[in-house]
Amino acid sequence: MMMVWRVHGLAILALLTLGSSRSFAAEEGRGWGSSWTVPHSEQEKIGRDLADRLSKALRAKEWAAAAKVLDEAERANPKSAGLQVARATVAMVRHRYAEAAGYYDRALSLLPAQGQATAASFLHAERGYAHALAGEYRLARIDLERAIALNKNNLQAHNNYAWLLATCPDASVRDGKRAAEFARAANQRTGKRNPMILDTLAAAEAEAGDFRAAISDEKRAIALVKGNRDLYQQHLQSYVKSTPIRETPQPLDVPKS
């Protein structure tokens, strides 16, 4: 299962770190809550105000208002990679995946040449997700492989790569054996307690033809998951029927000319 995409978080974080000399990906480590209670600089104060307005616009699906906030942010810092991530976030919320991929392209081009492997890995993984949702599976595979090469600790990239290899409708992209290798390694690193990664491992095992293992790991995922289990149950029923999972492209919201 592709990791649940953080609908608002990336955009808000990007604006909170507007103007920071450090990578927006590094800033992600500061987290939410008390660390953001008091802005650390005037730039962060501006970023917080813009982020609050953007969050409100996203919740209300007021796209013109969101665009206005992002335009203001770009005037304040036209070379911000984080701002391009924010624009990509809005495009993803609107199911405009090719548009989102373009913003991730710009974000990558704005990263400093040195010392940004972690941030670049993050961006390649996010762009790979956008490509996969648009049905551009070969591009998604290239991006996810690049994300892993840049940062071997990027579990999101490992999980999404394994899911793509296990469930892609394009047979030229699928590779059940390789998917199982990556999913199994991610499962070990998370102490075999992450239901989403267990779900991915089950999909990989099913693609490789080991439905007994797929059923066992899907049941483990179901036992661990909090909240709605419907999708996990659907996957389990597929494996009981000896049927692997196949993803399909998401519906697109084509911009009007």
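For the structure, check the block above.
We now turn to the structure provided with this report. (Residues numbered from 1 in each chain as written. Predicted model: local features only at pLDDT ≥ 70, side-chain atom pairs only at ≥ 80, totals over all residues. Heavy atoms only, no water.)

**A closer look at the packing of helix α9 (residues 155-167) against helix α11 (residues 195-207)**
In the contact formed by α9 and α11, the axes pass within 8 Å of each other and the chain directions differ by 30°. By the criterion of interaxial angle, the relationship of α9 to α11 is roughly parallel. Crossing hand, α9 versus α11: left-handed. Contacts between α9 and α11 involve N159, A162, W163, L165, A166 and T167 from the former and M196, I197, D199, T200, A203, A204 and E207 from the latter. Partitioning the contact of α9 with α11 into residue classes produces eight nonpolar, three polar and two charged. (Axes fitted to C-alpha atoms, helices over the stretch in contact; angles between N-to-C directions. Helix = DSSP H or I, 4+ residues; strand = E, 2+ residues; numbered from the N terminus. Parallel < 35°, antiparallel > 145°, perpendicular 65-115°, else oblique. Left-handed = near helix turned anticlockwise from the far one by under 90°. Contact = heavy atoms within 4.5 Å. Nonpolar A, V, L, I, M, F, W, Y, C, P; charged D, E, K, R; others polar.)

**Some words on the nonpolar core**
Residues Y161, L164 and Y239 are the most contacted members of the largest nonpolar core, which totals 29 residues. The set of elements that each furnish at least two residues to this core consists of α7 (117-133), α8 (137-150), α9, α10 (176-189), α11 and α12 (211-224). Here Y161 is in contact with R141, L144, E145, I148, R178 and F182, once residues within four sequence places are set aside. With 19 residues, the next largest nonpolar core counts A81, Y104, A119 and A130 among its residues. (Core = buried A, V, L, I, M, F, W, Y, C linked by side-chain atoms within 4.5 Å. Buried < 20%, exposed > 50% of the residue type's maximum accessible area, 1.4 Å probe, protein only.)

**Quick word on α10**
Between its terminal C-alpha atoms α10 stretches 20 Å, which fits the 20 Å expected from 14 residues at 1.5 Å a residue. In the core, the buried residues of α10 are packed alongside α8, α9 and α11. G191 sits one or two residues past α10 and shows a positive phi near 70°. (Expected span 1.5 Å × (residues − 1).)

**Thoughts on the packing of α8 against α9**
Where α8 contacts α9, the axes come no closer than 9 Å and their chain directions differ by 150°. Of the possible angle classes, the one that applies to α8 and α9 is roughly antiparallel. Considering how the two elements wind past one another, α8 and α9 form a crossing that is left-handed. Two secondary-structure elements touch here, α8 through Y137, A140, R141, L144, E145, A147 and I148 and α9 through A157, H158, N160, Y161, L164 and L165. Taken together, the residues of the contact of α8 with α9 break down into nine nonpolar, two polar and two charged.

**Details of the packing of aromatic side chains**
In this structure the tally under the stated criterion is one aromatic pair. Both rings, one in Y161 and one in F182, keep their centres 4.9 Å apart while their planes meet at 85°; by these two values the pair is edge-to-face. Of this pair, Y161 sits in helix α9 while F182 is found in helix α10, placing the two residues 21 residues apart along the sequence. Pair check on accessibility: Y161 and F182 agree, each one buried. (Phe/Tyr/Trp six-rings, centres within 6.5 Å; stacked < 30°, edge-to-face > 60°.)

**Things to note about the side chain of E205**
Looking at where E205 falls in the secondary structure, it is placed in helix α11. Despite being buried, E205 has no salt bridge partner; R184 is the closest side chain of opposite charge, sitting 4.1 Å away. Look past the residues within four positions of E205 in its chain and what remains in contact with it is R184, D210, A213, A214 and D217. (Lys, Arg positive; Asp, Glu negative; His and termini not counted. Salt bridge = Lys/Arg side-chain N within 4 Å of Asp/Glu carboxyl O.)

**Here's the deal with unusual backbone geometry**
Its identity is not glycine, yet K61 carries a phi of approximately 55°, on the positive side. Inspection of the secondary structure assignment puts K61 in the loop between α3 (42-60) and α4 (63-76). Classification of K61 as exposed rests on a relative accessible area of 59%. Phi at H95 is positive, roughly 65°, even though this residue is not glycine. Looking at where H95 falls in the secondary structure, it is placed in the loop between α5 (81-93) and α6 (97-110).

**Things to note about the environment of A73**
With respect to the helices and strands, A73 occurs in helix α4. For A73, a relative accessible area of 0% puts it in the buried group. With 26 residues separating them along the chain, A73 and G47 place their C-alpha atoms 8.0 Å apart.

**Let's talk about the pattern of salt bridges**
A pair can form between side chains of opposite charge whenever their charged atoms are brought close. For the structure on display, the rule yields 11 salt bridges. In this structure, D71 engages R87 in a salt bridge whose closest nitrogen and oxygen atoms are separated by 2.9 Å. With D71 in helix α4 and R87 in helix α5, this pair connects stretches of sequence that are 16 residues apart. Judged by relative accessible area, D71 falls into the partly exposed class, the value being 36%. Overall, R87 belongs to the buried group, its relative accessible area being 11%. Here E207 makes a salt bridge to R174, at a shortest N to O gap of 3.2 Å. Remark: R174 occurs in the loop between α9 and α10 and E207 occurs in helix α11; sequence separation between them is 33 residues. Look at the salt bridges and you will find they share partners, linking D49, R53 and E72 into a network.

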